[in-house]
Amino acid sequence: MRARGCGSVHAFPLGASGIWPSGDRHPTNMHSSDHLSSRDELLAEVQRLRAELRRRDASDAAQQRGDARLHACVEHMLDCFGLFTAMRDADGCIVDFRIEYLNRAACENNRLPLEQQIGRGLCELLPGHRQSGLFAAYQRVVETGEAAEWDSIQYADTYADEQHIERAFAIRAWRVDDGFAAAWRDVTDRRRSELAAKQGRARFRSLADAAPAMLWETDEQHQCTFLSAAWYAFTGQQEAEGLG
């Protein structure tokens, strides 16, 4: 049958034989065993996907709990802690470090709330890092991957409240991606105590050398750490012989 103004139209039988023009079997006429097999496979795949989603959800939840615990621990540390990312110029040289994170102790140390520091340059905010040599040291940490540590380093800066403060810090810095992490603490009081003790020992030894009597100083193991000038004059010993 040919319709007027149209091309040929063909009809294909979809009866009991269930054969498509391509020769494939029509799905509505497949065997019941084929139906069962396909359904079982589909159900098994759905169950597998559900189990995988549950596993991923549990893993994500565990990761979030772990992150929350870690954040709480870092936030309540007595030491300062921060994460910094390198800011590079067109030639790839590090020109500053972007502040990515600071814990509560670091914010108190810097005398600024967190929101006024995140995203800013470290040297922009605290230019004393350049004068103290810390910026150059942090550059080396990022470029070489070697951690840096200072038991006590003098640092002076003018903070947001316009106070110029000189303090001593113990610092450890290590590379993290294209940046570094650092932990530091204010050791100014310890440094002052050490200097005072050193000055006190120097005064004692000066007075002891001027005294006519023999005077000496020992440590916890009863080893001589100082002998006065009168001792050496009386015994004829040299310092290497008398100490220890």
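Structural data are supplied above this passage.
On a predicted model such as this, the values are computed, not experimentally measured, just so you know.

Draft legend 1. Region of interest: the overall build of the protein. In terms of helices and strands, the protein carries eight helices and seven strands. For the protein, contacts bridging at least 24 residues in sequence account for 38% of all contacts bridging at least 6. Summed over all atoms, the accessible surface of the protein reaches about 16800 Å², with 54% contributed by carbon and sulfur.

Draft legend 2. The arrangement of the pairing of strand β7 (residues 224-227) in detail. Sheet topology note: the strand β6 (residues 216-218)/β7 ladder contains three bridges and is antiparallel. Counterpart to T218 in the pairing with β7 is C224. Between β6 and β7, which pair antiparallel one after the other, the connecting turn spans five residues, and H222 there sits at a positive phi close to 65 degrees.

Draft legend 3. The environment of E166, seen in detail. Relative to the assigned elements, E166 resides in strand β4 (residues 164-175). Note on E166: relative accessible area 49%, which makes it partly exposed. Taking the C-alpha atoms as reference points, E166 and T188, 22 residues apart in sequence, are found 8.7 Å from one another. Setting aside residues no more than four positions away along its own chain, E166 makes contact with Q154, Y155 and A156. Separated by 3.1 Å, the side chains of E166 and Q154 make a polar contact.

Draft legend 4. Highlighting the sheet that holds strand β2 (residues 94-102). Strand order in the open sheet formed by five strands is β2-β1-β5-β4-β3, and the pairing between neighbours is antiparallel. Bordering the open sheet on either side are β2 and β3 (148-158), each of which pairs with just one other strand. With strand direction ignored, the average angle separating the axes of adjacent strands in the sheet is 40 degrees. Note: strand β1 (residues 80-88) against β2, seven bridges, orientation antiparallel. Paired with F84 across the strands is I99, a residue of β2. Against the sheet, helix α6 (residues 188-210) contacts β3, β4 and β5 (179-186), and its axis sits at roughly 100 degrees relative to β3.

Rules of the game
Residues numbered from 1 in each chain as written. Predicted model: local features only at pLDDT ≥ 70, side-chain atom pairs only at ≥ 80, totals over all residues. Heavy atoms only, no water. Helix = DSSP H or I, 4+ residues; strand = E, 2+ residues; numbered from the N terminus. Contact = heavy atoms within 4.5 Å. Areas by Shrake-Rupley, 256 points an atom, 1.4 Å probe, with all protein chains shown as cover. Pairing = 2+ DSSP bridges. Buried < 20%, exposed > 50% of the residue type's maximum accessible area, 1.4 Å probe, protein only. Polar contact = N/O pair within 3.5 Å; in protein donor to acceptor, adjacent residues only side chain to side chain. Axes fitted to C-alpha atoms, helices over the stretch in contact; angles between N-to-C directions.

Read these as geometric descriptors, not functional statements.
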